Structures are given as C-alpha cells and as structure tokens.
Amino acid sequence: MESKDYLKDISEIKNLMNKSSRFISLSGLSGIMAGIYALLGAGYAYWLVSNSKHEYLILDGTVFKLVLLDLFLVALFSIITAVILTTRKAKQNGSKIWDASSKRLLINFLIPLVSGGIYILIILGNQKYGQTGALMLIFYGLALINASKYSIGDIRYLGVIEIILGLIAALLPGYGFWFWVLGFGIMHIVYGTWMHFKHDKK
C-alpha cells in the first residue's frame, strides 16, 4: 500500500515539474483557425495569380506585393487568434500567460522561424523564389520541434510533418503552392482538431 502511495506522490511531483517547465495552455482551436486563415489566404493568392496577365509571380509586380500582404495578414490573424484563445485557456486553467515557460517557448520558436524568414527574403532578393513554399514549411517545422521542448510535446509531430512536406515540395517545386496549402492549411486544421479534443476538452 505504501509503495502505491509513493508511486502516486512521485507521479504528482513529476506532473508539477512538467507544468512548471512547460507552457501547456496552447489552444487547439487556434490551430484550427490558423488553418482556416491559411486556406482563405491561399485561395485569394491563387485567384490573384490566376487572374493576372502573366499567370505567374513577378518579384517587383503588384500581384507579388499583394500576395506578400496576403501572407502577412494570414500570419497576423493567426497570431492574434492564438493569443486570444491561449490567454482564455490559461485563465481557465488558472495559469499565467506570460511566465518563464512561455518566454522560453516563444524564444525557441522564433529563432528558427526568424532565421528562415530572413533567408527566404535574401533568396527572394536574388530572384530565386521557386523553393519559397518548401523553405517556409521546413523552417516552420524546425521552429515547432524546437519549441516542443517547452510546450505540449505533441507539437513536434506537426513539426516533423511540416518538414517532410517541405522536403517533398523541394523535390517537386512546381507543386510548392499545394504543399503549402496542405501544410499550413489542412494539417493545421487536422492537428488543431486533434489537440482540441485531446487537451482542451479535458
């Protein structure tokens, strides 16, 4: 009987240590919404390019600038939604939204993401944008894996999937747009739904 109590105490201590070192208030709904925003943004970008006179992107053209604005708005709405829903979940759990664990999560997520963003801007400046979609998927996947050490460990699986999709997109550059839709749109919705029912519904 005493050994069972010891095991229970050890398990509770382990859970407390895990909660103190990891930010576990990420919302599955924010992943779903990010996927929806990505699909809407991709649909608009596809419409822009399909209805342009060239039917492809020109780096210094108006359509390209509108596509960049489209990507920026998708990212902005995704971030705002994630902050709102994650803050609400943290309050429901009685935890802080901004503490040492959330700071570590954000820093480790941003390091690969910002590095990748700068690299993509550099190659765009050199008029080499055939691999842009693949690189976005790969660096985003690396950012998720890097951040998973300080949050819900399950997000590493999404990171691995994003990297695999990015590598396949690199092999098939003509289909980069559709792999981007799959990675940022559909996979976010699938993963967000899974996370919502696994963690948020508890």
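Residues numbered from 1 in each chain as written. Predicted model: local features only at pLDDT ≥ 70, side-chain atom pairs only at ≥ 80, totals over all residues. Heavy atoms only, no water.

Now for the environment of Leu29. Tracing the backbone through its elements, the reader meets Leu29 in helix α2 (residues 28–50). The spatial distance from the C-alpha of Leu29 to the C-alpha of His196 is 6.2 Å, given a sequence separation of 167 residues. (Helix = DSSP H or I, 4+ residues; strand = E, 2+ residues; numbered from the N terminus.)

With 17 residues, helix α6 (residues 155–171) extends 25 Å from end C-alpha to end C-alpha; this agrees with the ideal 24 Å at 1.5 Å per step. Residues of α6 that are buried: Ile155, Leu158, Gly159, Glu162, Ile163, Leu165, Gly166 and Ala169. Each buried residue of α6 lies within a common arc of 165° when the element is viewed along its axis, so the set occupies one face. (Expected span 1.5 Å × (residues − 1). Buried < 20%, exposed > 50% of the residue type's maximum accessible area, 1.4 Å probe, protein only. Arc of directions from axis to C-beta.)

Counted under the stated rule, the structure contains 10 aromatic pairs. Ring geometry for Tyr37 against Phe77: centres 6.0 Å apart, planes inclined by 45°, an arrangement best described as tilted. Taken together, the positions of Tyr37 in helix α2 and Phe77 in helix α3 (residues 62–93) put the pair 40 residues apart, joining distant regions of the chain. For the ring pair Trp180 and Phe184, a centre distance of 4.9 Å and an interplane angle of 35° mean the geometry is tilted. Taken as a pair, Trp180 and Phe184 lie in helix α7 (residues 176–200) at a separation of 4 residues, close to a single helical turn. Residue Trp180 is classed as buried on the basis of its relative accessible area of 10%. According to the relative accessible area criterion, Phe184 is buried, its value standing at 10%. These aromatic residues form a ring-pair network of at least three members: Phe109, Tyr140, Trp180 and Phe184. Over the face of the ring belonging to Tyr157 we find Arg156, whose NZ or CZ atom lies 6.0 Å from the ring centre. (Phe/Tyr/Trp six-rings, centres within 6.5 Å; stacked < 30°, edge-to-face > 60°. Lys NZ or Arg CZ within 6 Å of the ring centre and 35° of its normal.)

Okay, the packing of helix α4 (residues 100–125) against helix α5 (residues 132–147) next. Contact geometry for α4 and α5: axes closest at 7 Å, N-to-C directions at 165°. The angle between α4 and α5 places the two elements in the roughly antiparallel class. For the crossing formed where α4 meets α5, the hand is right-handed. Contacts between α4 and α5 involve Leu105, Asn108, Phe109, Pro112, Leu113, Gly116, Tyr119, Ile120, Ile123 and Leu124 from the first element and Thr132, Leu135, Met136, Phe139, Tyr140, Leu142, Ala143, Leu144, Asn146 and Ala147 from the second. Tallied by class, the residues present in the contact of α4 with α5 amount to 16 nonpolar, 4 polar and no charged. (Axes fitted to C-alpha atoms, helices over the stretch in contact; angles between N-to-C directions. Parallel < 35°, antiparallel > 145°, perpendicular 65-115°, else oblique. Left-handed = near helix turned anticlockwise from the far one by under 90°. Contact = heavy atoms within 4.5 Å. Nonpolar A, V, L, I, M, F, W, Y, C, P; charged D, E, K, R; others polar.)

So, about the nonpolar core. Counting residues in hydrophobic clusters, the biggest one holds 22 residues, and the most contacted among them are Trp180 and Phe184. Within the residue set of this core, elements represented by two or more residues are α2, α5, α6 and α7. In terms of residue count, the dominant contributor to this core is α7 (7 residues). Residue contacts for Phe184: discarding those within four places in its chain leaves Ala34, Gly35, Ala38, Met136, Leu137, Tyr140 and Glu162. (Core = buried A, V, L, I, M, F, W, Y, C linked by side-chain atoms within 4.5 Å.)

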